[in-house]
Amino acid sequence: MKGLVVKSTGSWYRVLADNRSVFECRIKGKLRLDDSKSTNPIAVGDRVEFTLEDNTRGIISEILERKNYIIRKASNLSKQSHVIAANVDRAYLVVTIHSPQTLLSFIDRFLVSAHAYDIPCTIVVNKYDTLVSEPDITLFEEWKRIYDLAGYELLEVSAHSGHNIQTLKHQMKGNICVFAGNSGVGKSSLIHALDPQTSVKIQEISKAHSKGQHTTTFAEMFELDFGAYIIDTPGIKAFGLLDFDTDELAHYFPEIFRISSRCQFHNCTHLHEPNCAVLEAVERGEIPVSRFENYVSICFDEQTKHRK
Ligand SMILES: Nc1nc2c(ncn2[C@@H]2O[C@H](COP(=O)(O)OP(=O)(O)O)[C@@H](O)[C@H]2O)c(=O)[nH]1
Ligand SMILES: [Mg+2]
Ligand SMILES: [Zn+2]
């Protein structure tokens, strides 16, 4: 049978079979050894092939090919890694203009990670009901311009008033999604607005987590009542930057990458080189200053990491 892994404890996997039945599965011994670099060979979101042991239990014999996955290094020094989730269709980065104001550096770092993991990302501006003052509206328009240029969809919503919640549902339908963002931006409220019943289930589990009843950081997937899946895990609030070479970084800033073919040097870092098309575009206001500054800042962080 084939199914979707919706929960993992490290030794047991809960699999939602394509016929909608749920089975508790173990891994066939041999499968464990295949990927020795990862602490967990199977993650939430994986599609697997399994055989039944009895009415409720099964044995996983194969993992189907992943289209993407989010990974975390077990520790800075270790070569081992932990796969947090696989086959994510879309990440929703929830942000707010105020109370709290999300930092653009946080947004840009997140977008780079999502891009590097091959996960399409939508920026969700929550608390739209509170955008009434002129400066707030101006800032919202500015963010819209910045991320439009970068090619990201930015959707304004309100968990409180219900604004654009139907649009969000429509977009999420049939997909495996993750919600990310700083605390206080309204992730829990949005999930509640999307499906109150699932929201209660998630809250109960996260309460259990905070009481220390679960020591692991394994993810769990929930089905929303309109036919979307949401992956919930502490590690997903802001997936960290991967290790990548700084000359790759421009690839993850679409508007910078697009223009970089016009730089004089093919290996231009866009930091100081002569005849750099990117620097010129920043001067002319065609690339937003905040995006360029965050590009530079991530570039330096990565260089420092590699020098250590
Ligand atoms: N005005 C307004 N407040 C909101 C909205 N969504 C969430 N909040 C409030 O923001 C606070 C944090 O929300 P919560 O869902 O716990 O955020 P989380 O930490 O991202 O899960 C709560 O006091 C919510 O009532 C919204 O759309 N409009
Ligand atoms: Mg929350
Ligand atoms: Zn350049």
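Within each chain, residues carry numbers counting from 1 in the order of the written sequence. Key to labels: chains lettered from A, ligands numbered from 1, both in the order written. Totals for whole chains, interfaces and linings use all residues, but because this is a predicted model, local features are given only for residues with pLDDT of at least 70 and pairs of side-chain atoms are given and counted only at 80 or more. Hydrogens and waters are ignored; side-chain quantities use all the structure's heavy atoms.

### Notes on the side chain of Arg291
Link 1 in the chain: By the element assignment, Arg291 lies in helix H10 (residues 289–307).
Link 2 in the chain: For every residue, the accessible area obtained with a 1.4 Å probe (protein chains only) is divided by the maximum for its type, and the residue is called buried under 20%, exposed over 50%, and partly exposed between those limits. On the basis of relative accessible area, Arg291 is assigned to the buried category, the value being 1%.
Link 3 in the chain: Non-local contacts of Arg291, meaning those with residues more than four positions away in its chain, are made with Asp108, Leu111, Ile146, Tyr147, Ala150, Tyr152, Phe253, Pro254 and Glu255. Think of it this way: any DSSP run of H or I at least four residues long counts as a helix, any run of E at least two long counts as a strand, and we number them from the N terminus. Residue contacts are counted whenever heavy atoms from the two residues lie within 4.5 Å of one another.

### A word on the nonpolar core
Link 1 in the chain: Throughout, nonpolar core names a set of buried Ala, Val, Leu, Ile, Met, Phe, Trp, Tyr and Cys residues whose side chains join them through atoms within 4.5 Å. Ile107, Tyr147 and Ile231 are the most contacted members of the largest nonpolar core, which has 39 residues in total.
Link 2 in the chain: At six residues, helix H2 (residues 104–116) tops the list of elements feeding residues into this core.
Link 3 in the chain: Domain start and stop positions are those given by an automatic or database domain assignment. A domain-level breakdown of this core finds at least three residues from each of domain 1 (2–85) and domain 2 (88–236).

### Quick notes on the packing of H2 against H10
Link 1 in the chain: Lines fitted to the C-alpha atoms define the axes, with helices restricted to the stretch that makes contact. Angles between their N-to-C directions range from 0 to 180 degrees. Contact geometry of H2 with H10 gives a least axis separation of 10 Å together with a crossing angle of 65 degrees. By the angle between their directions, the pair H2 and H10 is classed as roughly perpendicular. In this structure, H2 crosses over H10, and the sense of that crossing is right-handed. Facing Leu104, Ser105, Asp108, Arg109, Leu111 and Val112 of H2, the residues of H10 in contact are Ser290, Arg291, Asn294, Ser297, Ile298 and Asp301.
Link 2 in the chain: Classification used: nonpolar for Ala, Val, Leu, Ile, Met, Phe, Trp, Tyr, Cys and Pro, charged for Asp, Glu, Lys and Arg, polar for all others including Gly. When grouped by side-chain class, the residues that make up the contact of H2 with H10 number four nonpolar, four polar and four charged. Each angle gets one of four labels, with under 35 degrees taken as roughly parallel, over 145 as roughly antiparallel, 65 to 115 as roughly perpendicular, and the rest as oblique. When the near helix sits turned anticlockwise from the far one by under a right angle, the crossing is termed left-handed; a clockwise turn instead gives a right-handed crossing.

### Looking at the coordination of the zinc ion (ligand 3)
Link 1 in the chain: Taken together, Cys263 (SG), Cys268 (SG), His270 (ND1) and Cys276 (SG) make up the protein donors of the zinc ion (ligand 3), found 2.1 to 2.4 Å from the metal.
Link 2 in the chain: For the zinc ion (ligand 3), the four donor atoms are set out with angles of 102 to 117 degrees between them, so the coordination reads as tetrahedral.
Link 3 in the chain: Think of the donor list as every N, O and S atom within 2.8 Å of the metal, or within 3.2 Å for Na, K and Ca; water never makes the list, so a site can look incomplete. Sequence spacing of the donor residues for the zinc ion (ligand 3), all on one chain, is C-x4-C-x1-H-x5-C. Like His270, Cys263 is buried. Tetrahedral means four donors with every angle between 85 and 135 degrees, whereas square planar (four donors) and octahedral (six donors) require angles over 155 degrees between opposite donors and between 65 and 115 for all others; sites fitting neither are termed irregular.

### With respect to the site of ligand 1
Link 1 in the chain: Whether a residue is near a molecule or strand depends on its heavy atoms: if one lies within 4 Å, it is near. The immediate surroundings of ligand 1 are formed by 15 residues, with Asp129, Ala159, Gly184, Lys187 and Ser189 found nearest.
Link 2 in the chain: Pairing of N or O atoms within 3.5 Å defines a polar contact, subject to two protein rules: one partner must be a possible hydrogen donor and the other a possible acceptor, and residues neighboring in sequence count only if both atoms are side-chain atoms. Within the side chain of Asp129, one N or O atom sits 2.7 Å away from a nitrogen atom of ligand 1.
Link 3 in the chain: Contact distances for ligand 1 include 2.8 Å between an oxygen atom and a backbone N or O atom of Lys187.
Link 4 in the chain: A total of 590 Å² of accessible area belongs to ligand 1 in isolation, and the protein chains cover 69% of it. Using a 1.4 Å probe, accessible areas were evaluated by the Shrake-Rupley method; residue-level cover was limited to the displayed protein chains.

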